[in-house]
Amino acid sequence: DKPCRYRPAPSGGDRRQAWHKEIMAIVKASVVQAAPVPFERERTLEKVRALSADAAKQGAQLVLFPEAFVSAYPKGLDFGARIGMRKPEGREDFRRYFDSAVDVPGPAVDYLGRVARENAIHLVIGVIERQGGTLYCTILTFQPDGNYLGKHRKLMPTALERLVWGFGDGSTLPVFHTPIGILGSVICWENYMPALRMAMYNKGIQLYCAPTADDRPTWSSTMQHVALEGRCFVLSCNQYTTRGDFPENYDAVQGDDPATVISRGGSCIVSPLGQFLAGPDFDGETILSAELDMNDITRGKYDFDVTGHYARPDIFKLLVNEAPTNAVEILTQPAEE
């Protein structure tokens, strides 16, 4: 394995300056635009292993996979729901989805750690996480020695996603201080939440991962805006899927023609001044790669630092609650002496 040291994050106001001295000057990053094997966790994990090896052969130190890659983003499925009504077929769709989800911690997390270690990569990947009876849209991050660094749960599922995914809370909004830079994730339309972006900028994020399911042409302009606003590198990654990638008994609105494109990608890598370094790509499965000059972050902040010299804290303040919000808390009385 490549040597890799992770040190505790410095505390206080010198945190970003101290870590600036630690990071590499040039980082090779890749985003994987591909299809999983929907609703089949183990086969999808095998595909993650193969695609990660392909990216590593291109020299990637950081590899990003799309939102909900393990094991499906069920685009076009309605889970049999109408207001005041749920069909038995929709309940079965949910059972299939739940059974292919990932326990954190669990065997799938261990497997992904081995993938990171085998390829000596920082691995960032979207999974459907299950806890209790609830599913969450989650991003997992691993370091090159295979250790699991942590997760981010999507705070605000969009529209019908709320039917099948729970809401994350402020306890999973991490950034990770690594030898390649300060690494964090914001999922899909969370990127339209200005307060969340501001919170991540305040953590000094440098490698801003934005896995998504949005394949509209407007998405790439959002990624340019985030890069310019945060003066950070933005890596965005989406799936490329066709109807033929999904099971036959997949009652989606797109129909049953195997050639129908369900998700058309649009993955890209953007510099701190908003320039595309790779993509956006809408042509099929691909691995997009770019060399990131980490000194471009400092060059960009010369005239704009959104939580520094360009902020007006005398006028605007943001409060971020990072406490876990549990439905049940057990309070026990201290034992009598």
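Note that the coordinates shown come from a computational prediction; the quantities given were computed from them, not determined experimentally.

**Section: the confidence of the model for the protein chain**
In the predicted model, the protein chain carries a mean pLDDT of 93, and 93% of its residues have values of at least 70. Below a pLDDT of 50 lies the segment residues 1–21, which in the model reaches 35 contacts outside its immediate sequence neighbourhood of four places, other chains included.

**Some points on the environment of Thr-260**
By the element assignment, Thr-260 lies in the loop between strand 12 (240–242) and strand 13 (261–264). For Thr-260 and Thr-242, which are 18 residues apart along the polypeptide, the C-alpha to C-alpha distance reads 5.4 Å. Those residues within four positions of Thr-260 in sequence are excluded, and the remaining contacts are Thr-241, Thr-242, Arg-243 and Gln-254.

**Topic: unusual backbone geometry**
Here the residue pair Val-104 and Pro-105 is connected by a cis peptide bond, since its omega of 0° sits within 30 degrees of zero. If you trace the backbone, Pro-105 turns up in the loop between helix 3 (88–99) and helix 4 (107–119). Along the chain, Gly-279 connects to Pro-280 via a cis peptide bond; the corresponding omega equals 0°. Within the secondary structure layout, Pro-280 lies in strand 15 (residues 276–281). Residues other than glycine seldom take positive phi values, yet Phe-39 does so here, at roughly 70°. Its place among the elements puts Phe-39 in the loop between strand 1 (26–33) and helix 2 (41–57).

**Digging into the sheet that holds strand 14 (residues 267–270)**
Within the open sheet, the 6 strands sit side by side as 8-9-10-11-14-15. Their pairing is mixed. Strands with a single pairing partner mark the edges of an open sheet, and in this sheet they are strand 8 (175–178) and strand 15. On average, each strand axis in the sheet is inclined to that of its neighbour by 15°, with strand direction left out of account. The sheet contact formed by strand 9 (residues 181–185) and strand 10 (residues 207–211) spans 3 bridges and is parallel. When the sheet's bridge partners are listed, Leu-183 is paired in strand 10 with Leu-207. In the packing of helix 7 (residues 218–230) onto the sheet, contacts are made with strand 10, strand 11 (233–237), strand 14 and strand 15, and the angle to strand 11 comes to roughly 155°.

**With respect to the pairing of strand 6 (residues 134–142)**
With 8 of its 9 residues buried, strand 6 lies for the most part within the structure. With 9 bridges joining them, strand 5 (residues 122–131) and strand 6 adopt antiparallel strand pairing. Following the sheet pairing, Ile-125 is matched in strand 6 by Leu-140. Between strand 5 and strand 6, which pair antiparallel one after the other, the connecting turn spans 2 residues, and Gly-132 there sits at a positive phi close to 60°. Relative to strand 7 (residues 148–153), strand 6 runs antiparallel, the two sharing 5 bridges. Within the sheet, the bridge partner assigned to Thr-141 lies in strand 7 and is Gly-150. The turn joining strand 6 and strand 7, which pair antiparallel and follow one another in sequence, is formed by 5 residues; a positive phi near 95° is taken by Gly-146.

Each value, and the rule that gives it
Residues numbered from 1 in each chain as written. Predicted model: local features only at pLDDT ≥ 70, side-chain atom pairs only at ≥ 80, totals over all residues. Heavy atoms only, no water. pLDDT = per-residue confidence, 0-100. Contact = heavy atoms within 4.5 Å. Helix = DSSP H or I, 4+ residues; strand = E, 2+ residues; numbered from the N terminus. Pairing = 2+ DSSP bridges. Axes fitted to C-alpha atoms, helices over the stretch in contact; angles between N-to-C directions. Buried < 20%, exposed > 50% of the residue type's maximum accessible area, 1.4 Å probe, protein only.

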